[in-house]
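Each chain, written out:
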Amino acid sequence: MVLRMGSPAPSIKVEDWLRGEPLANFQPGKVYIVEFWATWCRPGVAEMLHLMRLQEKYRDSGLEVVAVAANEAAPTAVEARTKLNAWLTEKCSHLNYRIAFDYPGEMNKLWREPSFSVGIPTSFVVDRDGHIAFIGHPSQLDEVLPKVLNGSWRISDKAKAADTERIATSEPMAREQALKQPIDDRFWAAVKLEDWKTALWAIEEGIALMPDDINFRLAHAHLLLHKIQDMWTGLPVMREFVRDAIDKNSQDWMVLALDQLFHPANDHSRLPPAERFAMGKELSEHILALNPPQGDSPKFRSYPAVARYYYENGNNDRAIELVELALQSLDGPEPVPDELKEHLLPDLLQALATYRGVKVCDGALCAAPQNNFPNVPKRGRPRRKNKKG
């Protein structure tokens, strides 16, 4: 049975309550946000501040927030609960809403799977009559929640259209995820053991099933180039990934390809330098053509990857310019949520400090140059002298 707007809210079935009073049933007359999240999910963690503000703002209107940790990564329930408790104590000592713990995943079966909710964070809003009023990303709550509270949301044409569109979009994704799950499970079990060949077999099975899945394709290239270090097999795979990224004209694909070639977390010493830089040049030029510096499109997602190519290629001025544009785009015409900005800013400042070779600051947040970036080839232009940020 599909869980959608207007459906009776499923029951609350959790293993434990880590924060706040236990909730056995939804009380008539109150509105509840049931939020699925995990400590490893950065957007979900960032949304916790958002939920705290909503709880405070609408408490007198009958709002109760319930966060459900049903996807914590740990070998046992005891380890997961201990890890989660420690994390909450360190990171969220002033929480003003409930936290439920559900290691077996019963809440996923009751809530997420019937609603085709494939990712986290996911928010469910339960109306005053105990029926589902909204299912979606928590970033939409600022618009939806006041209308749920005043009773106008579920009867609106906008709400009905949004729910129909959500199901039409999410159902195929959920069915695809069900096919992928056994492969993902084998892959991550092998990764945990650092059994790279078994991980590769799982990914190759996934590619045979879904040849255009970006995650399978990315893992394929990464395993061959950076874990197994089989350049004979890995380079053709990488070439195909780059070609497909460009043919798709997809910034996401092109950025992931650049990361395989230039991200400092990866060891590139076995890659042929000439071909590596040639692929980097082509990818970077396509990204800049798709999202030009003079345009209004956000730069913070793709420009840091392009900057790493230019930095390694010796064009330090260009790398600095691109990171500065990425920083500026955080305050551009398209609003960036504060939580996302707080997540992105440290890495951008770190890159700028490293490229400039001096400490840089944005308010109270500062970063010093790091030495773990690859050495810049001598063939590039000389670095310019810069003032401190």
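Structure's up top.
Thresholds, definitions, all that
Residues numbered from 1 in each chain as written. Predicted model: local features only at pLDDT ≥ 70, side-chain atom pairs only at ≥ 80, totals over all residues. Heavy atoms only, no water. Helix = DSSP H or I, 4+ residues; strand = E, 2+ residues; numbered from the N terminus. Rg over C-alpha atoms; globule rule 2.2 N^0.38 Å. Buried < 20%, exposed > 50% of the residue type's maximum accessible area, 1.4 Å probe, protein only. Contact = heavy atoms within 4.5 Å. Lys, Arg positive; Asp, Glu negative; His and termini not counted. Charge placed at Lys NZ, Arg CZ, Asp CG, Glu CD. Axes fitted to C-alpha atoms, helices over the stretch in contact; angles between N-to-C directions. Parallel < 35°, antiparallel > 145°, perpendicular 65-115°, else oblique. Left-handed = near helix turned anticlockwise from the far one by under 90°. Nonpolar A, V, L, I, M, F, W, Y, C, P; charged D, E, K, R; others polar. Phe/Tyr/Trp six-rings, centres within 6.5 Å; stacked < 30°, edge-to-face > 60°. Salt bridge = Lys/Arg side-chain N within 4 Å of Asp/Glu carboxyl O. Pairing = 2+ DSSP bridges. Disulfide = S-S within 2.5 Å. Core = buried A, V, L, I, M, F, W, Y, C linked by side-chain atoms within 4.5 Å.

Asks: It is not clear to me how the overall build of the protein should be interpreted in this structure. Could you clarify?
Replies: For the protein, the count of helices and strands is 13 helices and eight strands. Rg of the C-alpha trace for the protein: 23 Å, near the compact-globule value of 21 Å for 389 residues, within the 12% margin. Based on the C-alpha atoms only, the size of the protein along its principal axes is roughly 70 × 50 × 45 Å. Within the protein, the fraction of its 389 residues that count as buried is 49%. The long-range share in the protein, meaning contacts at least 24 apart out of those at least 6 apart in sequence, stands at 65%. Positive and negative side-chain charges of the protein, numbering 48 and 53 respectively, have mean locations separated by a distance of 5 Å.

Asks: Any chance you could explain the packing of helix α5 (residues 157-192) against helix α7 (residues 214-227) here in plain terms?
Replies: To describe two helices that pack against each other, one gives the angle between their axes and the distance between the axes. Here α5 crosses α7 at 20°, and the two axes come no closer than 13 Å. Put simply, α5 runs roughly parallel to α7. Considering the relative orientation of α5 and α7, their crossing is left-handed. For the pair α5 and α7, the contacting residues are K180, I183, D184 and F187 in the first and N215, F216, A219 and L223 in the second. Its residues placed into classes, the contact of α5 with α7 shows five nonpolar, one polar and two charged.

Asks: Sorry, what's going on with the side chain of S302 here?
Replies: Mapped onto the fold, S302 is located in the loop between α10 (273-290) and α11 (303-312). Once residues within four sequence positions are removed from consideration, S302 is found in contact with Q251, V255, I287 and N291.

Asks: In this structure, what is going on with the packing of aromatic side chains? I would like to understand it.
Replies: The way to describe two aromatic rings as a pair is by their centre distance and the angle between their planes. On inspection of all chains with the given rule, the structure shows 13 aromatic pairs. Taking the centre distance of 6.4 Å and the plane angle of 50° together, the rings of F277 and Y309 count as tilted. Here F277, found in helix α10, pairs with Y309, found in helix α11; they are 32 residues apart in sequence, far enough to count as distant. For the pair F277 and Y309, one class covers both residues: buried.

Asks: Before we go on, may I ask you to explain the pattern of salt bridges in this structure?
Replies: Tallied over the full model, the rule gives 24 salt bridges. R154 serves as the salt-bridge partner of D129, at 2.9 Å between the closest nitrogen and oxygen. One end of the pair, D129, is in the loop between β5 (122-126) and β6 (132-136); the other, R154, is in the loop between α4 (141-149) and α5, with 25 residues separating them in the sequence. In this structure, R308 and D259 form a salt bridge, with 2.8 Å as the shortest nitrogen-oxygen distance. You can see R308 sitting in helix α11 and its partner D259 sitting in helix α9 (residues 251-262), a full 49 residues away along the chain.

Asks: Explain the sheet that holds strand β3 (residues 63-69) to me, please; I cannot follow it from the model alone.
Replies: Pairing between the strands of a sheet comes from backbone hydrogen bonds, and it takes one of two forms, parallel or antiparallel. The sheet built from six strands is open, its strands ordered β1-β4-β3-β2-β5-β6 with mixed pairing. The outermost strands of the open sheet, each flanked by one partner alone, are β1 (16-19) and β6. If you compare each strand with its neighbour and ignore which way they point, the axes differ by 20° on average. For β5 and β6, the ladder comprises four bridges, and the chain directions are antiparallel. The residue of β6 that forms the bridge with F124 is I135. With respect to the sheet, helix α2 (residues 77-91) is in contact with β1, β2 (31-37), β3 and β4 (98-101), its orientation differing from that of β1 by roughly 20°.

Asks: Looking at this model, I keep getting lost on unusual backbone geometry. Mind explaining?
Replies: Trans is the common state for peptide bonds, and a negative phi is the common state for residues other than glycine. A cis amide bond links I120 with the next residue in sequence, P121, at an omega value of 5°. The residue P121 is located in the loop between α3 (106-112) and β5 in this model. Its identity is not glycine, yet E194 carries a phi of approximately 55°, on the positive side. With respect to the helices, strands and loops of the structure, E194 is situated in the loop between α5 and α6 (196-209).

Asks: Any chance you could explain the state of the cysteines here in plain terms?
Replies: Two cysteines, two sulfur atoms, one covalent bond between them: this is a disulfide. Scanning the model with the defined rule gives one disulfide in all. For C361, the disulfide goes to C366, at an S-S distance of 2.0 Å. Linking C361 and C366, the disulfide has an S-S dihedral of approximately 110° and is accordingly described as right-handed. According to the relative accessible area criterion, C366 is partly exposed, its value standing at 36%.

Asks: I keep staring at the nonpolar core and nothing clicks. Help me out?
Replies: Across soluble globular proteins, you tend to see nonpolar side chains buried next to one another. Counting residues in hydrophobic clusters, the biggest one holds 66 residues, and the most contacted among them are F187, M238, L258, L283, L327, L330 and Y355. When neighbours within four sequence positions are excluded, L283 is seen to be in contact with V242, I246, M254, A257, L258 and L261. V65, A67, F101 and W153 belong to the second-largest nonpolar core, a separate cluster that totals 33 residues.

Asks: Where do I start with the pairing of β2 in this structure?
Replies: Regular strands place side chains that alternate from one sheet face to the opposite one. A large share of β2 lies buried, amounting to seven of its seven residues. Of the two faces of β2, the one lined by V31, I33, E35 and W37 and the one lined by Y32, V34 and F36 are each fully buried. Sheet analysis places β2 next to β3, joined by seven bridges and oriented parallel. The residue bridging V31 from the neighbouring strand is L63, located in β3. Pairing between β2 and β5: five bridges, direction antiparallel. What sits directly across from I33, in β5, is V125.

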